[in-house]
Amino acid sequence: MRHTEGMEHLHDDVIRKVSDHDVRFIRLWFCDIAGTLKSIAISPSDLETAFSEGIGIDGSTIEGLTRSFESDMLLRPDPSTFEMMGWRGTTNATARMMCDVLTPDGEPAASDPRRVLNDALDAAEEKGLTLFTHPEIEFYLFDEPYRRGRELSPIDHAGYFDHVHRGQGQDFRRTAIGHLEEMNIQVEFSHHENGPGQNEIDLRYADALTTADNIITLRTVVKEVALSMGQVATFMPKPMIEHPGSGMHTHLSLFQGGKNAFHEPGAEFGLSRMGRQFIAGLLHHAPEYSAVTNQWVNSYKRLWGAQEAPSYICWGHNNRSALVRVPFHKPTKGTSSRIEFRGLDSAANPYLAFAVLLAAGMAGIEGEYELPEGAEDAVWELTERERSAMGIRPLPTDLFRALEAFETSELMASTLGEQVFEFFLRDKRSEWRRYREQVTDYELDSTFSRI
């Protein structure tokens, strides 16, 4: 595991940086099962204790972190994630570290999403494989917070790749990216997305655990910068029904012995047999993991919104309506072979999402799944009969159907572990029940006066 190597040296390095940069507060970050950031602050005098023993917290106050008969938990910071939070100022400065959640006897907590991903990565590493990821993170910027009965007001009405002169979005992206790069989070691209007020920031390739940590940080930075500029950011999958949703298309590749295991010179799309089996695993198990990659009731408004979001379980090369796409690769550059998973929400818990995607792909490799024919047509434009003839199944159309597939999945239960699996299922059933009980404006508008 990446974060267990060379610990003493990293501890000393952190303590030295805290002194050199006049750090007054160190924020310890961790996530609940939904992917919501949690934080406590410690002083520099508590650092050595945090590294050697962990910092105690009451886990019973965080849903899903402990069972009813447990409460005490420990946070142990990962020193490799120490970074300054530049937007908090340079006098009495603030830094952050991501944490692993431990039981009182120092064992990894079964409920810690970071532990779930680490376990999945360790299982792949036993076979000599390392997962690398590159996310394209979409979000919306609005002029003010959502208020019931008031129409949302995006900060602009631009579209895909538009250059908005003196645009707030450009200023926003420049500021946010500056903060990210100060935290050693490398950004590859940024641009205006298709929806009004919609933006995208793409992170460079990194190992999956680093990427998940970086996504949590990016979401925090984006919200902080938005507030500082009098704006509001949201990663909600589909805030406006008439405009595109916000996804997190993620490029995936496995490396083995320093070489891209998805690359095979001369093969179709440069994709190796292992790469094809990995895709086959993603397709076969898609209904089972959809509740994790698309965990909100609102997620399915994005998936079934007919605006380049995938609704059907298929793969292709130039097909941007497919769940999995094999992008163009440079024939002379084997490291560029990869696959693009297009189903993931920006609002997903990245630790759990990467864990289940890796588990599904590894199941395809270990089970030697056969990859079906690719679909190069726009799948939305095919008839149901044509899709059925091609063996193309739909993704779950709502959270209820996603939970039905999730509940019976041995792969999801074993990947997430009993505690996370059971809490996630219970929590999401509760969300669906609350949603189902609502009387919506649509129902009132379409029915009240008719009957």
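As shown above, the structure is provided for reference.
Residues numbered from 1 in each chain as written. Predicted model: local features only at pLDDT ≥ 70, side-chain atom pairs only at ≥ 80, totals over all residues. Heavy atoms only, no water.

Student: For the overall build of the protein, give the residues involved together with the corresponding values.
Tutor: Check the secondary structure of the protein and you find 14 helices and 17 strands. Computed over the C-alpha atoms, the radius of gyration of the protein is 22 Å, within 12% of the 22 Å expected from 2.2 N^0.38 for a compact globule of 451 residues. Dimensions along the principal axes, computed over C-alpha positions, put the protein at roughly 65 × 55 × 50 Å. The burial tally for the protein puts 55% of its 451 residues in the buried class. Nonlocal contacts in the protein, meaning residues at least 24 apart in sequence, comprise 71% of its contacts between residues at least 6 apart. Accessible surface, the protein: about 20800 Å² in total, of which carbon and sulfur atoms supply 49%. Between the mean site of the 45 positive side-chain charges and the mean site of the 69 negative ones, the protein shows a separation of 4 Å. (Helix = DSSP H or I, 4+ residues; strand = E, 2+ residues; numbered from the N terminus. Rg over C-alpha atoms; globule rule 2.2 N^0.38 Å. Buried < 20%, exposed > 50% of the residue type's maximum accessible area, 1.4 Å probe, protein only. Contact = heavy atoms within 4.5 Å. Areas by Shrake-Rupley, 256 points an atom, 1.4 Å probe, with all protein chains shown as cover. Lys, Arg positive; Asp, Glu negative; His and termini not counted. Charge placed at Lys NZ, Arg CZ, Asp CG, Glu CD.)

Student: Kindly report on the nonpolar core, identifying the contributing residues and their values.
Tutor: Ranked by size, the top nonpolar core spans 93 residues in total, and within it L254, L282, Y289 and I339 carry the most contacts. Counting residues per element, this core draws most heavily on helix α9 (residues 350-366), at 13 residues. In contact with I339, not counting residues within four places along its chain, are T250, H251, L252, F262, L271, F278, I279, L282, V324, R325, V326 and P327. L28, F30, I55 and M73 belong to the second-largest nonpolar core, a separate cluster that totals 21 residues. (Core = buried A, V, L, I, M, F, W, Y, C linked by side-chain atoms within 4.5 Å.)

Student: So, helix α5 (residues 208-228): which residues are in play, and what are the values?
Tutor: Counted at 1.5 Å a residue, the expected span for α5 with its 21 residues is 30 Å, and the 30 Å between its end C-alpha atoms agrees. For α5, the tally of buried residues reaches 17 of 21 residues, placing the bulk of the element in the interior. At the C-terminal side of α5, G230 shows a positive phi close to 75°. (Expected span 1.5 Å × (residues − 1).)

Student: Go over the pattern of salt bridges with me, naming the residues and quoting the values.
Tutor: Opposite charge on two side chains permits pairing when their charged atoms draw close. Throughout the structure, instances matching the rule amount to 19 salt bridges. With a closest N to O distance of 3.0 Å, D171 and R174 form a salt bridge. A residue pair is termed a helical-turn pair when its members lie 3 or 4 positions apart in one helix, as D171 and R174 do in helix α4 (residues 168-182) at three residues. In this structure D171 comes out as partly exposed when scored by relative accessible area, which is 30%. Looking at R174, the relative accessible area reads 56%, which means it is exposed. (Salt bridge = Lys/Arg side-chain N within 4 Å of Asp/Glu carboxyl O.)

Student: Go over the side chain of T133, please, and point to the residues and values.
Tutor: Summarising the element assignment, T133 is placed in strand β7 (residues 129-142). Accessibility expressed as a relative area gives 0% for T133, which makes it buried. Polar contacts involving the side chain of T133 include one to the side chain of T211, which spans 2.7 Å. Contact partners of T133, with chain neighbours within four places excluded, come to R204, Y205, A206, D207, A208, T211, T250, H251, L252 and F354. (Polar contact = N/O pair within 3.5 Å; in protein donor to acceptor, adjacent residues only side chain to side chain.)

Student: Now, about the side chain of N298: what can you tell me, with residues and values included?
Tutor: With respect to the secondary-structure elements, N298 resides in the loop between α7 (286-293) and α8 (299-303). Among residues more than four places away in sequence, those in contact with N298 are M236, P237 and K238.

Student: So, the packing of helix α11 (residues 399-407) against helix α13 (residues 418-436): which residues are in play, and what are the values?
Tutor: Where α11 meets α13, the closest approach of the two axes is 10 Å, and the angle between their N-to-C directions is 160°. Taken together, the axes of α11 and α13 are roughly antiparallel relative to one another. Considering how the two elements wind past one another, α11 and α13 form a crossing that is left-handed. Packed against α11, whose contacting residues are L399, F400, L403, F406 and E407, the element α13 presents F421, F424, L425, K428, R429, E431 and W432 at the interface. In the contact of α11 with α13, the residues fall into eight nonpolar, no polar and four charged. (Axes fitted to C-alpha atoms, helices over the stretch in contact; angles between N-to-C directions. Parallel < 35°, antiparallel > 145°, perpendicular 65-115°, else oblique. Left-handed = near helix turned anticlockwise from the far one by under 90°. Nonpolar A, V, L, I, M, F, W, Y, C, P; charged D, E, K, R; others polar.)

Student: Break down the packing of aromatic side chains for me, with residues and values.
Tutor: Within this structure, the stated rule accounts for 14 aromatic pairs. Ring centres 5.2 Å apart and planes at 65° place the aromatic pair F132 and F255 in the edge-to-face group. Taken together, the residues F132 in strand β7 and F255 in strand β12 (residues 248-256) connect sequence positions 123 residues apart. If you follow K428 out to its NZ or CZ, it ends over the ring of W296, 3.6 Å from the centre. (Phe/Tyr/Trp six-rings, centres within 6.5 Å; stacked < 30°, edge-to-face > 60°. Lys NZ or Arg CZ within 6 Å of the ring centre and 35° of its normal.)

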